[in-house]
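# Commentary on secondary and tertiary structure
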Amino acid sequence: MTKRTPLGLALVLSLGTAATLQAQTASINATARVLSPAVVSGVEDLRFGDVIDGTQKTIPATNSNSGRFTIQGATNANVDISFTLPATLAGPGGSTLAVDNWTGEHGNNAARGAGAAFTPLNGGTSLNTDLGATSGDVYNVYVGARVTSAGGENPGAYTGQIDMTVSYTGN
Amino acid sequence: MRLLCSILCCSGLLMARPLAAQSIQAVGERDLRFGTVFPGLPEQVLRTDATRAGRYRIRARAGTGLSVRLVLPAAMVGPGGATLPLTFAADDGGYTPLFFLNFQIPFDPNAPYNFSMPFLGTVRIYLGGTATPSFAQPGGTYSAAVVMIVAVVSN
């Protein structure tokens, strides 16, 4: 007798699920080191002292009465130095004394007479140099000039302003 | 003679295999390094900069459709909470299926970037940018995280 085995078929069809969205993250940093801004100070005035009527008087940058600026900034940083220079000193009653023949000297921790000479210009870059290599170094800039009395000016005190600007070049 | 039919009883479960789970690996390989920055002087890093451009690596199965989105910081943070502004131009993002820096395809990192994973299964994402310190920017070290999010969009 033939036995017939029952036919059984079970078929289960399972559909896969929709694609699963995945996300991954990764991180890096943006980094920078900012150098401290340069500190520029006017330390000593350019002092012509007494000027005799009708004469000229020159104070060179190496003279003890020359003007002095100091710069403290990032070590070894390259800087541009520029000036705004007065053409005259203003005095009593509208009198003026002409100022010209500017001279300069500069150097890291340099005393007068020990730095490098340069010519200050009115506007534009007068000097490009590197600041000192040691933190705490003081970069000195000395300026001198010549004052001229044409004669007949009112006696009294005469003054003018010298501005120095220092900019990092990034070089 | 009867034929014996023997039919194997067949039973079982037939399941269509679900779509394979997509495996993505994403790592940050190099920081975006602006280096020494001077107050008042903007500093730009090109995405092709061999040492300073930021870099990520993505690995996935070839043919996988991926979308990359960068979460870009508006500024780095430094001493005392001082901020150093950052900007990212439309061509500061770079994609390369090869390890060669100069074969980058530029893209805007400010928007998602979609691509299909090439047969090598590995790509790199490069990032440049510009830091703009003020003249009075306090000196010190600044940093910010730049996060890349990679998602599968098709396979």
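Only a predicted model underlies this, so the values are computations on that prediction, with no experimental measurement involved.

## Thoughts on the sheet that holds strand S10 (residues 125-130) of chain A
All names here are of chain A. Pairing in this open sheet of three strands is antiparallel, and the strands run S10-S6-S12 from one edge to the other. Strand pairing shows two members of the sheet lacking a second neighbour, S10 and strand S12 (163-168), which therefore form its edges. Taken over all neighbouring pairs, the strand axes of this sheet differ in orientation by 25° on average, direction set aside. Sheet analysis places strand S6 (residues 78-84) next to S10, joined by five bridges and oriented antiparallel. Bridging across to S10, Asp-80 finds its partner in Asn-128.

## A word on the nonpolar core
Counting 60 residues, the largest nonpolar core has A:Ala32, B:Ile58 and B:Met148 as the members making the most contacts within it. Of the residues forming this core, the biggest block, six residues, is contributed by strand S11 (residues 139-148) of chain A.

## A few points about the environment of B:Gly65
For B:Gly65, the location among the structural elements is in strand S6 (residues 65-71). As for B:Gly65 and B:Phe115, which are separated by 50 residues in sequence, their C-alpha atoms are 5.9 Å apart.

## What to know about the environment of B:Arg124
Considering the arrangement of structural elements, one finds B:Arg124 in strand S12 (residues 122-127). Sequence-wise, B:Arg124 and B:Arg57 are 67 residues apart; in three dimensions their C-alpha atoms are separated by 4.5 Å.

## As for the confidence of the model for chain A
Regions with low pLDDT should not have their predicted coordinates read in detail. On average, chain A scores 87 in pLDDT, and the residues at 70 or more come to 88%. For chain A, strand S1 (residues 12-14) of chain A is the element with the lowest average pLDDT, namely 34, and strand S4 (residues 56-59) of chain A is the one with the highest, namely 98.

## Here we look at the sheet that holds strand S10 (residues 105-107) of chain B
All names here are of chain B. Here five strands make up an open sheet; going across it, the order is S2-S5-S12-S9-S10 and the pairing antiparallel. Two strands close off the open sheet at either side, each with one partner strand: strand S2 (25-30) and S10. Mean inter-strand twist for the sheet, computed between neighbouring axes without regard to direction, equals 25°.

About the thresholds
- Residues numbered from 1 in each chain as written.
- Chains lettered and ligands numbered in written order.
- Predicted model: local features only at pLDDT ≥ 70, side-chain atom pairs only at ≥ 80, totals over all residues.
- Pairing = 2+ DSSP bridges.
- Helix = DSSP H or I, 4+ residues; strand = E, 2+ residues; numbered from the N terminus.
- Axes fitted to C-alpha atoms, helices over the stretch in contact; angles between N-to-C directions.
- Core = buried A, V, L, I, M, F, W, Y, C linked by C-beta atoms within 7 Å.
- Buried ≥ 20, exposed ≤ 12 C-beta atoms within 10 Å, placed from the backbone.
- pLDDT = per-residue confidence, 0-100.

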